[in-house]
Amino acid sequence: MKIQLALDRINIESAIKIVEKVYDYIDIIEVGTSLIKDYGISSVGKMRKQFPDKLILADLKTMDEGEYEFKTAYSAGADIATVMGVTPLNTISLCYDVAQKYKKSIMIDLMETNESRITNLKKFKEAIFCIHIAKDEIEKDFESYFQKMKLYISELPHLAIAGGINIELLNKLNKTRIIKPEIVIIGSAITKAFDMQKAAKEFYSLMQNIKK
Ligand SMILES: O=C(CO)[C@H](O)[C@H](O)COP(=O)(O)O
């Protein structure tokens, strides 16, 4: 299980400082949508230059212009880029083809998707599928949401979860085994913690135990 650190609503310099603090406890650096909107795709390039040995995800949340956006993200140094699962299937196909061509990864964000859409997405066999609770709907009950999604996501080999993930929730998921994600995406629970290093280390230790 990998930890992806989501960096949002901060400037690049602060984002770099946070990564330096928690570097040993994370696997993937997510250049969040807000960073890309505030600073452009060069925010991905800056992260790549600063951290050449870590996986970098560009959270583009692409909705259209898939080929252009994915080529731009990979050229800037991203290893993974994201597209929304509700977007036209043709856009997702274009993103998928660029990912294959560049030998990089694609994450499909399942926010607002339903059973029939997820069935149509299963053909993107090498994609990572992210079960994501929107920031603006953070009051949603995770357990019942994951239970509902579980019915649709069998056969999806690579799963991620995101949206207000904290230690309590991860502990619960570990006990109930509702979902076994390959990647756990954590933002505020680390970046807004009083002691970020301590928070990241706590997630890291929990993941080590889950692996066993
Ligand atoms: O993609 C995002 C918002 O759309 C965030 O990166 C994701 O929700 C993780 O951040 P947090 O743990 O703070 O919710």
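Going along each chain's sequence as written, the residues are numbered from 1 onward. Local features in this predicted model are restricted to residues of pLDDT 70 or higher, and side-chain atom pairs are both shown and tallied only at a pLDDT of 80 or more, whereas totals for entire chains, interfaces and linings draw on every residue. To obtain the side-chain values, all non-hydrogen atoms of the structure were included, while hydrogens and water were left out.

## A look at the overall build of the chain
In plain terms, the rule: Here a strand is any run of E in DSSP of at least two residues, a helix any run of H or I of at least four, and the numbering for each starts at the N terminus. In this setup the radius of gyration rests on C-alpha atoms only. A globule is expected at 2.2 Å times the number of residues raised to 0.38. The classification of residues rests on relative accessible area computed with a 1.4 Å probe and restricted to protein chains. Under 20% of the type maximum is buried, over 50% is exposed, and intermediate values are partly exposed. Any pair of residues with heavy atoms lying within 4.5 Å of one another is described as a contacting pair. To be clear on the numbers: accessible area is Shrake-Rupley with a 1.4 Å probe, and residue cover counts the displayed protein chains and nothing else. In this tally, Asp and Glu contribute negative charge and Lys and Arg positive charge; neither His nor the terminal groups of the chain are included. A charge is said to be at NZ when it belongs to Lys, at CZ for Arg, at CG for Asp and at CD for Glu.
Within the chain one finds 10 helices and eight strands. Relative to the compact-globule value of 17 Å for 212 residues, the chain shows a C-alpha radius of gyration of 16 Å, a close match. Principal-axis analysis of the C-alpha atoms places the extent of the chain at approximately 45 × 40 × 30 Å. Expressed as a percentage of its 212 residues, the buried residues of the chain come to 53%. Here the analysis covers contacts within the chain between residues at least 6 apart in sequence; of these, 65% occur between residues at least 24 apart. Accessible surface, the chain as shown: approximately 10,500 Å² in total, 49% of it carbon and sulfur. The positive charge centre, built from 31 side chains, and the negative charge centre, built from 29, are 4 Å apart in the chain.

## Focus: the packing of helix α4 (residues 66-76) against helix α5 (residues 89-102)
Short version of the rule: Axis lines are fitted to C-alpha atoms, over the contacting stretch for helices. Their N-to-C directions set the angle, which ranges from 0 to 180 degrees. Roughly parallel means an angle under 35 degrees; roughly antiparallel means over 145; roughly perpendicular covers 65 to 115; every other angle is labelled oblique. Each crossing is labelled by how the near helix is turned from the far one, with a counterclockwise turn of less than a right angle marking it left-handed and a clockwise turn marking it right-handed. Classification used: nonpolar for Ala, Val, Leu, Ile, Met, Phe, Trp, Tyr, Cys and Pro, charged for Asp, Glu, Lys and Arg, polar for all others including Gly.
Viewed as axis vectors pointing N to C, α4 and α5 meet at an angle of 30°, and their least axial separation amounts to 8 Å. Taken together, the axis directions place α4 and α5 in an arrangement best described as roughly parallel. Where α4 crosses over α5, the handedness of that crossing is right-handed. Residues Gly 66, Glu 67, Phe 70, Lys 71, Tyr 74 and Ser 75 of α4 pack against Thr 91, Leu 94, Cys 95, Val 98, Ala 99 and Tyr 102 of α5. Counted by class, the contact of α4 with α5 contains seven nonpolar, three polar and two charged residues.

## A word on the pairing of strand β3 (residues 55-62)
To keep it simple, the criterion reads: Here the rule is simple: two strands pair whenever DSSP picks up at least two bridges between them. Whether a crossover is right-handed depends on one test, that the path from the first strand over the helix to the second runs clockwise when the strands point away from the viewer.
Most of β3 sits out of view: six of its eight residues are buried. Sheet topology places strand β2 (residues 28-31) next to β3; four bridges connect them, and they run parallel. Bridging from a neighbouring strand, Val 31 pairs with Ala 58 of β3. Where β3 and strand β4 (residues 80-84) come together, three bridges link them in parallel fashion. Bridged to Thr 62 within β4 is Val 83. Crossover connection from β3 via α4 to parallel β4: handedness right-handed.

## Details of the state of the cysteines
Where we set the bar: Whenever a pair of cysteine sulfur atoms sits within 2.5 Å, that pair is classed as a disulfide.
Inspection of the entire model under this criterion finds zero disulfides. Sulfur of Cys 130: no disulfide; nearest cysteine sulfur belongs to Cys 95 and is 15 Å away.

## Section: the site of the ligand
Convention followed: Residue proximity to a molecule or strand is established when one non-hydrogen atom of the residue lies within 4 Å of it. Definition of a polar contact: a pair of N or O atoms within 3.5 Å, with one able to donate and the other able to accept a hydrogen when the atoms are protein atoms, and with sequence-neighbouring residues admitted only if both atoms are side-chain atoms.
If you check the shell around the ligand, you find Ala 6, Asp 8, Glu 30, Asp 59, Lys 61, His 132, Lys 135, Gly 163, Gly 164, Ile 186, Gly 187 and Ser 188 and nothing else. Asp 8 places a side-chain nitrogen or oxygen 3.0 Å from an oxygen atom of the ligand. A distance of 2.4 Å separates an oxygen atom of the ligand from a polar side-chain atom of Ser 188. In the complex, 92% of the free accessible area of the ligand, which totals 370 Å², lies under the protein chains. For the shell around the ligand, the class distribution of residues is two nonpolar, five polar and five charged.

## Thoughts on the UniProt feature "domain: Orotidine 5'-phosphate decarboxylase" (unreviewed entry) in the chain
The line we're drawing: UniProt positions are given in the numbering used here, feature names are shortened, and annotations may be inferred rather than shown by experiment.
The UniProt entry lists residues 2-203 under the feature "domain: Orotidine 5'-phosphate decarboxylase" (unreviewed entry), expressed in the numbering used here. End C-alpha atoms of residues 2-203 are separated by 10 Å, and the span's content is 45% helix alongside 20% strand.

## Some thoughts on helix α8 (residues 167-176)
Note the cut-off: Each direction from the helix axis to a C-beta atom contributes to the arc, which is the arc of those directions.
For α8, the complete set of buried residues consists of Ile 167, Leu 169, Leu 170, Leu 173 and Asn 174. The buried residues of α8 all sit within an arc of 160° when viewed along its axis, so they share a single face. Away from the buried face of α8 by more than 90 degrees, exposed residues Glu 168 and Lys 175 are located. If you check the start of α8, you find a side-chain oxygen 3.3 Å away from the backbone N of Glu 168, and it comes from Asn 166. Of the residues trailing α8, Arg 177 is marked for its positive phi of about 55°.

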